Amino acid sequence: MLPTVLPLRAIAFQALFLLIAIAVEAAVLRRTLAADKKEFVTPNQSIQYAATINLLCTVVGWLAFFLFFAVAYALPSAWTTRVETNLVNFIFFDQWSNETATSLIVACFIMFFASFTIKQAGLNALRSTLQAGIEKKEEKKEAEASDETSESVIREVSPSRRPSRSGAIRVLRNESSAPQAMKPQARAVFYANAWSFSAILAILMFRFAIQRLAF
Amino acid sequence: MPQITKIFTTAWQNIWTRTQAVAAGVKVFSWQTALMLSLLAWVVYLIVIDPNLKQFVALYGWGFLILGVDWFFLDDKEDKKKPTLPGLNIKLNIGPWITGALICLALLSYRFLLTDFPTALVAWPLVSAGVVIFRQCLRPGFKPTPFRVPNDAGVRQDLILLTLTAALFSCWFQFGILLENILDRYPSLAGDDFRNSAFVVRTSPATSRVPVGGTTLLNTAEAQVREELSGRPWLDVQRWLRDIEAQLPRLERQTIDRVYGIPARAEESQFWRLDADFEDALPNDILRLRLFWVGPSSQAGGYILEKVCLIQRAGLTPPGDAPVLGESYQMECQPITSNLPAEQPETEPTERGRIIE
């Protein structure tokens, strides 16, 4: 009933790397976004954001991995067999051929940019999901408030006229929302990604060095 | 006699009042009712004979069981039903996990969506997350639209994190199953040494370092050689053995086909190479059968298994070693030796040679 092998070490390593990545990225996200006045993120939020995008990235990565095996088993070829052999050597025995090392370096480059894309898209999706109902409420409140001063009508009819103070902020926000508001977030995610990759790489190098020293 | 009757009636009255008390304590709209309905359904399931009806009743049984168990864990104001993680003082909310497991088992028993146990295991965390999402999105009371997206952004964030964590757990289960599949494809790996691995640990100690497939293959190769030599005169035997290099590709293919079947039972069959050399010597001719494992292994480059056979003309033996009757030769093979540092066979079969450099 019990399988011959359990991937317990893989799970331990992944949990460790995830914790490190979340911690590092939360800090980076918070600092980078705090430098930008418009984007305010509480520490709690930054941890939640980092956790969400890292988990998403990990899950997508696993899916890609399983997809490779599914394709390899459905359409076996000399190439898939060779890659599978290398992977098995790597997973079960920690044996690296030159080919494995080369393809791992290439894979890391691809992974870095793929994970940046996934994290950026994930964070956008997350923020819009979280704000979906709330913005409406705020707008409603604002609309109610401005109804009292009957300014909303003026603003909507002629936007060129000087709007109220809260309206000015909103107009600014709306103008910058489409192309430019993405920028600070993208930069933050890029730095966060770079830092967490570096941290994980440092740990892997550390493990490698310890192994070399031990033998 | 009347006393006995009296005792009996009082006993009966006692039981009756107690049952009544218990029954009165049960609220109609509660998890106890759901569980009892489930129990009732299972009793009916045992009574009913028609298989279609049985399935239908079992549906009720599962449905009320899932409902009742979920309700039981949900009906928990003071968090008494949540076990505490020792040392960390974290309450574990095990309710959704149990409900999820029950749903998976129910689906598995109907062979609906989940058809085998590994798939059910992979689905389990996701189903459990689904249970939590279902609870959070369910609207209280009876409304035309029973579901809504939670208003609170915090709840939404929690649900997203929960789903992703559950997906990660599913991925881990799937990875474990993938590893088992790999071991099914390459059974000879199971005996190898996984201590260096950064990914896996062994659950049971390895039985033997020598790959089982290898031992069988070498023994089969020996049998194959004996079959080939059978019935030949001694000179012909020697000629065949001297020319064994030419026979190798055929011998290898036949041996592998005999052990692994056609088509091969396990993909590892492509990782074996057979090599043989023959030496004219005195007092015995020597035939070395070598088997190379060129697949994944803890030793870079693989293994060699070797079997040395001593061959001489029949009749030249000292009495005691009985020759096989009717054969012109006699062959005596020594036990298999292994774990030599591996090299590639000199005569590499070309059609299989490109799998590993």
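Residues numbered from 1 in each chain as written. Chains lettered and ligands numbered in written order. Predicted model: local features only at pLDDT ≥ 70, side-chain atom pairs only at ≥ 80, totals over all residues. Heavy atoms only, no water.

### Let's talk about the overall build of chain B
Thought 1: Check the secondary structure of chain B and you find 9 helices and 7 strands.
Thought 2: In chain B, buried positions account for 38% of the 357 residues.
Thought 3: Long-range contacts, defined as pairs at least 24 residues apart, comprise 58% of the intrachain contacts of chain B with a sequence gap of at least 6.
Thought 4: If you sum the accessible surface of chain B, you get close to 20,900 Å²; carbon and sulfur atoms cover 64% of it. (Helix = DSSP H or I, 4+ residues; strand = E, 2+ residues; numbered from the N terminus. Buried < 20%, exposed > 50% of the residue type's maximum accessible area, 1.4 Å probe, protein only. Contact = heavy atoms within 4.5 Å. Areas by Shrake-Rupley, 256 points an atom, 1.4 Å probe, with all protein chains shown as cover.)

### Notes on the overall build of chain A
Thought 1: Within chain A, the regular secondary structure consists of 7 helices and 1 strand.
Thought 2: In chain A, which comprises 215 residues, the share counted as buried stands at 34%.
Thought 3: In chain A, 72% of the contacts between residues at least 6 apart in sequence involve partners at least 24 apart.
Thought 4: As presented, chain A carries roughly 13,400 Å² of accessible surface, and 68% of it is formed by carbon and sulfur atoms.

### As for helix H4 (residues 95-109) of chain B
Residue and element names in this part refer to chain B.
Thought 1: Between its first and last C-alpha, H4 extends 21 Å over 15 residues, near the 21 Å set by a 1.5 Å rise per residue.
Thought 2: Every buried residue of H4 is listed here: Gly-95, Pro-96, Thr-99, Gly-100, Leu-102, Cys-104, Ala-106 and Leu-108.
Thought 3: Tucked inside the fold, the buried residues of H4 contact helix H3 (51-74) and helix H5 (117-137).
Thought 4: Looking at the residues trailing H4, positive phi occurs at Arg-111, about 55 degrees. (Expected span 1.5 Å × (residues − 1).)

### A closer look at unusual backbone geometry
Thought 1: Positive phi outside glycine occurs at Asp94(A), with the angle close to 55 degrees.
Thought 2: Tracing the sequence through the fold places Asp94(A) in the loop between helix H3 (78-93) and helix H4 (98-149).
Thought 3: For Asp94(A), a relative accessible area of 14% puts it in the buried group.
Thought 4: Although it is not a glycine, Arg111(B) adopts a positive phi angle of roughly 55 degrees.
Thought 5: The exposure class assigned to Arg111(B) is exposed, which follows from its relative accessible area of 53%.

### Comments concerning the packing of aromatic side chains
Thought 1: Using the criterion set out here, one finds 35 aromatic pairs over all chains in the structure.
Thought 2: The interplanar angle of 85 degrees and the centroid separation of 5.1 Å between the aromatic rings of Phe90(A) and Trp96(A) together place this pair among those described as edge-to-face.
Thought 3: Among the residues examined, Phe90(A) registers a relative accessible area of 16% and is labelled buried.
Thought 4: Every member of this aromatic cluster is reached through a ring pair, and the members are Trp62(A), Phe65(A), Phe66(A), Phe68(A), Phe69(A), Tyr73(A), Trp79(A), Phe90(A), Trp96(A), Phe208(A), Phe175(B) and Phe199(B).
Thought 5: Lying across the ring of Tyr45(B), Lys54(B) places its NZ or CZ 4.4 Å from the centre. (Phe/Tyr/Trp six-rings, centres within 6.5 Å; stacked < 30°, edge-to-face > 60°. Lys NZ or Arg CZ within 6 Å of the ring centre and 35° of its normal.)

### Looking at the state of the cysteines
All names here are of chain B.
Thought 1: Under the criterion given, the structure shown has 1 disulfide over all chains.
Thought 2: Sulfur-sulfur distance for the disulfide between Cys-309 and Cys-333 comes to 2.0 Å. Because the sign of the S-S torsion sets the handedness, a value of about 100 degrees for the bond joining Cys-309 and Cys-333 places this disulfide among the right-handed ones. A residue pair is termed long-range when its members are at least 10 positions apart, and Cys-309 in strand E6 (residues 303-313) and Cys-333 in strand E7 (residues 329-333) qualify at 24 residues.
Thought 3: What makes Cys-309 buried here is its relative accessible area of 0%. (Disulfide = S-S within 2.5 Å.)

### Remarks on the interface of chain B and chain A
When the parts come together, some accessible area is lost, and that loss is often what is quoted as the size of the interface.
Thought 1: Contacts between chain B and chain A engage 47 residues on the former and 49 residues on the latter.
Thought 2: Taken together, both faces of the contact between chain B and chain A bury some 4,500 Å²; the carbon and sulfur share is 70%.
Thought 3: On the chain B side of the interface with chain A, the three residues burying the most area are Gln157(B), Trp172(B) and Phe199(B), jointly 14% of the side's total.
Thought 4: The tally of links between chain B and chain A comes to 1 salt bridge.
Thought 5: As a salt-bridge pair, Arg185(B) and Glu84(A) come within 3.1 Å of each other at their nearest N and O atoms. (Buried area = accessible area lost by both parts, 1.4 Å probe. Salt bridge = Lys/Arg side-chain N within 4 Å of Asp/Glu carboxyl O.)

### Quick look at the confidence of the model for chain B
Thought 1: Here chain B averages 81 in pLDDT, and 88% of its residues register 70 or above.
Thought 2: Taken element by element, chain B is modelled with least confidence in strand E1 (residues 84-85) of chain B, mean pLDDT 76, and with most confidence in helix H6 (residues 153-185) of chain B, mean pLDDT 93. (pLDDT = per-residue confidence, 0-100.)

### Focus: a nonpolar patch on the surface
Residues and elements named next belong to chain A.
Thought 1: On the surface, a nonpolar cluster with roughly 870 Å² of combined accessible area is contributed by Ile-105, Val-106, Phe-109, Ile-110, Phe-113, Phe-190, Tyr-191 and Trp-195.
Thought 2: Within the residue set of the nonpolar patch, elements represented by two or more residues are H4 and helix H7 (182-214).
Thought 3: Summarising the element assignment, Ile-105 is placed in helix H4. (Patch = residues over 30% accessible without salt bridge, like charges linked within 9 Å, V, L, I, M, F, W, Y side chains within 5 Å.)

### Quick look at the nonpolar core
Thought 1: Ranked by size, the top nonpolar core spans 80 residues in total, and within it Leu29(A), Phe92(A), Phe175(B), Leu189(B), Val225(B), Leu241(B) and Leu287(B) carry the most contacts.
Thought 2: The residue makeup of this core includes at least three contributed by each of domain 1 (2-185) and domain 2 (212-352) of chain B.
Thought 3: Residues in contact with Leu29(A), not counting those within four places in the same chain, are Ala34(A), Ser46(A), Tyr49(A), Ala50(A), Ile53(A), Ala188(A), Val189(A) and Ala192(A).
Thought 4: Core analysis: the second largest hydrophobic core is formed by 6 residues, Trp62(B), Ile66(B), Leu102(B) and Ala106(B) among them. (Core = buried A, V, L, I, M, F, W, Y, C linked by side-chain atoms within 4.5 Å. Domains from an automatic or database assignment.)

### Thoughts on helix H2 (residues 31-47) of chain B
Residues and elements named next belong to chain B.
Thought 1: Between its first and last C-alpha atoms H2 spans 24 Å; for 17 residues at 1.5 Å apiece the expected length is 24 Å, and the two agree.
Thought 2: Within H2, burial applies to Trp-31, Ala-34, Ser-38 and Ala-41. What you see down the axis of H2 is that its buried residues fit within an arc of 80 degrees, all on one side. Projecting away from the buried face of H2 at angles above 90 degrees are the exposed residues Met-36, Leu-39, Leu-40, Leu-46 and Ile-47.
Thought 3: For H2, the elements touching its buried residues are H3. (Arc of directions from axis to C-beta.)

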